[in-house]
Amino acid sequence: MQREQLSIPKMILYILFALVFYALQSSLFGAWSIRGYHLDLLPAFVAAAALLDGPVEGVIMGVVVGLLYDLGFTGIDGLYPIFFMLFGMVAGAMSRLTLSRNYVSMLMLNAVEMVVIDLLRYFCYLLPQKGAPFGLVLQQTVGGTLLASLLCFAVYAPMAKISRKFSAR
């Protein structure tokens, strides 16, 4: 089995797209909520890169997304880059072995990623430091995951187009 070359221009476009999305999400969309749930599409970047291109690209996007989370002071420093890096590696390996590279697989990966990161956030940060009730966190997790799943096409479609453009070469 031969490994494709890592496309640096494609990764730069992915990272620039994630940075623009992060800026929009943390400024413009950060104050908005839909039925009490805030939109968080950054994890979709890791799922899309891993699904479309494989584990190496998933790891790179995982580190970038994790650093953006740390930059926004949204939890325990250093936890997010490690989690998203590991998720990108596992999701990329799964995309090579079992998942088809389509939007339905992206929805499943994104939902699993959102639930796991929210549970990790709860058990590592919210429960010990804030004493947050599990029912409220579970409600926010389910609502936020459903909202992200409804809107993750805004991440998947451009990344799929970028991936196709660079894999045709």
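See the structure above.
Residues numbered from 1 in each chain as written. Predicted model: local features only at pLDDT ≥ 70, side-chain atom pairs only at ≥ 80, totals over all residues. Heavy atoms only, no water.

## Observations concerning the overall build of the chain
- Scanning the chain from N- to C-terminus turns up 7 helices and 0 strands.
- For the chain, the N- to C-terminal ordering of α and β elements is α-α-α-α-α-α-α.
- In terms of overall dimensions, the chain is globule-like: its C-alpha atoms have a radius of gyration of 16 Å, near the 15 Å expected for 169 residues.
- In terms of its C-alpha atoms, the chain occupies a principal-axis envelope of roughly 50 × 30 × 30 Å.
- Put simply, the chain has 169 residues, and 43% of those count as buried.
- In the chain, of all internal contacts separated by at least 6 residues, the share reaching a separation of at least 24 is 74%.
- As presented, the chain carries roughly 9,100 Å² of accessible surface, and 72% of it is formed by carbon and sulfur atoms. (Helix = DSSP H or I, 4+ residues; strand = E, 2+ residues; numbered from the N terminus. Rg over C-alpha atoms; globule rule 2.2 N^0.38 Å. Buried < 20%, exposed > 50% of the residue type's maximum accessible area, 1.4 Å probe, protein only. Contact = heavy atoms within 4.5 Å. Areas by Shrake-Rupley, 256 points an atom, 1.4 Å probe, with all protein chains shown as cover.)

## Here we look at the packing of aromatic side chains
- Applying the stated rule across the entire model yields 12 aromatic pairs.
- Seen from their ring centres, Phe17 and Phe21 are 5.8 Å apart, and the 80 degrees between their planes marks the pair as edge-to-face. A residue pair is termed a helical-turn pair when its members lie 3 or 4 positions apart in one helix, as Phe17 and Phe21 do in helix 1 (residues 8-26) at 4 residues.
- Overall, the relative accessible area of 15% leaves Phe21 in the buried class.
- Pairing Tyr80 with Phe84 gives two aromatic rings, centres 6.3 Å apart and planes at 25 degrees, and the pair type is stacked. Taken together, the residues Tyr80 and Phe84, both in helix 4 (residues 79-97) and 4 residues apart, mark about one turn of the helix. Here the two residues Tyr80 and Phe84 agree in accessibility, since each one is buried. (Phe/Tyr/Trp six-rings, centres within 6.5 Å; stacked < 30°, edge-to-face > 60°.)

## Details of the packing of helix 2 (residues 42-53) against helix 7 (residues 153-167)
- At their nearest, the axes of helix 2 and helix 7 sit 10 Å apart, and the two run at 35 degrees to each other. Crossing of helix 2 against helix 7: the hand is right-handed. Together, Ala44, Phe45, Ala48, Ala49, Leu51, Leu52 and Asp53 of helix 2 and Val155, Tyr156, Met159, Ala160 and Ser163 of helix 7 make up the contact between the two elements.
- Counted by class, the contact of helix 2 with helix 7 contains 10 nonpolar, 1 polar and 1 charged residues. (Axes fitted to C-alpha atoms, helices over the stretch in contact; angles between N-to-C directions. Left-handed = near helix turned anticlockwise from the far one by under 90°. Nonpolar A, V, L, I, M, F, W, Y, C, P; charged D, E, K, R; others polar.)

## Points about the environment of Leu79
- In this structure, Leu79 sits in helix 4.
- Given a relative accessible area of 21%, Leu79 falls into the partly exposed group.
- The spatial distance from the C-alpha of Leu79 to the C-alpha of Arg121 is 9.1 Å, given a sequence separation of 42 residues.
- Leaving out residues up to four positions away in the same chain, Leu79 has contacts with Leu120 and Cys124.

## Section: helix 6 (residues 134-151)
- With 18 residues, helix 6 ought to run about 26 Å at 1.5 Å a step, and its terminal C-alpha atoms sit 26 Å apart, in line with that.
- Within helix 6, the full set of buried residues consists of Val137, Thr141, Gly143, Gly144, Thr145, Leu147, Ala148 and Ser149.
- Of the surrounding elements, those touching the buried residues of helix 6 are helix 5 (103-130). (Expected span 1.5 Å × (residues − 1).)

## A few points about helix 2
- The end-to-end C-alpha separation of helix 2 is 17 Å, in line with the 16 Å expected for 12 residues at 1.5 Å each.
- Along helix 2, 12 of the 12 residues are buried, which leaves the element largely enclosed by surrounding structure.
- Buried within helix 2 we find Leu42, Pro43, Ala44, Phe45, Val46, Ala47, Ala48, Ala49, Ala50, Leu51, Leu52 and Asp53.
- Downstream of helix 2 by a residue or two, Gly54 has a phi angle that is positive, lying close to 115 degrees.

Nothing here speaks to function; it is geometry throughout.
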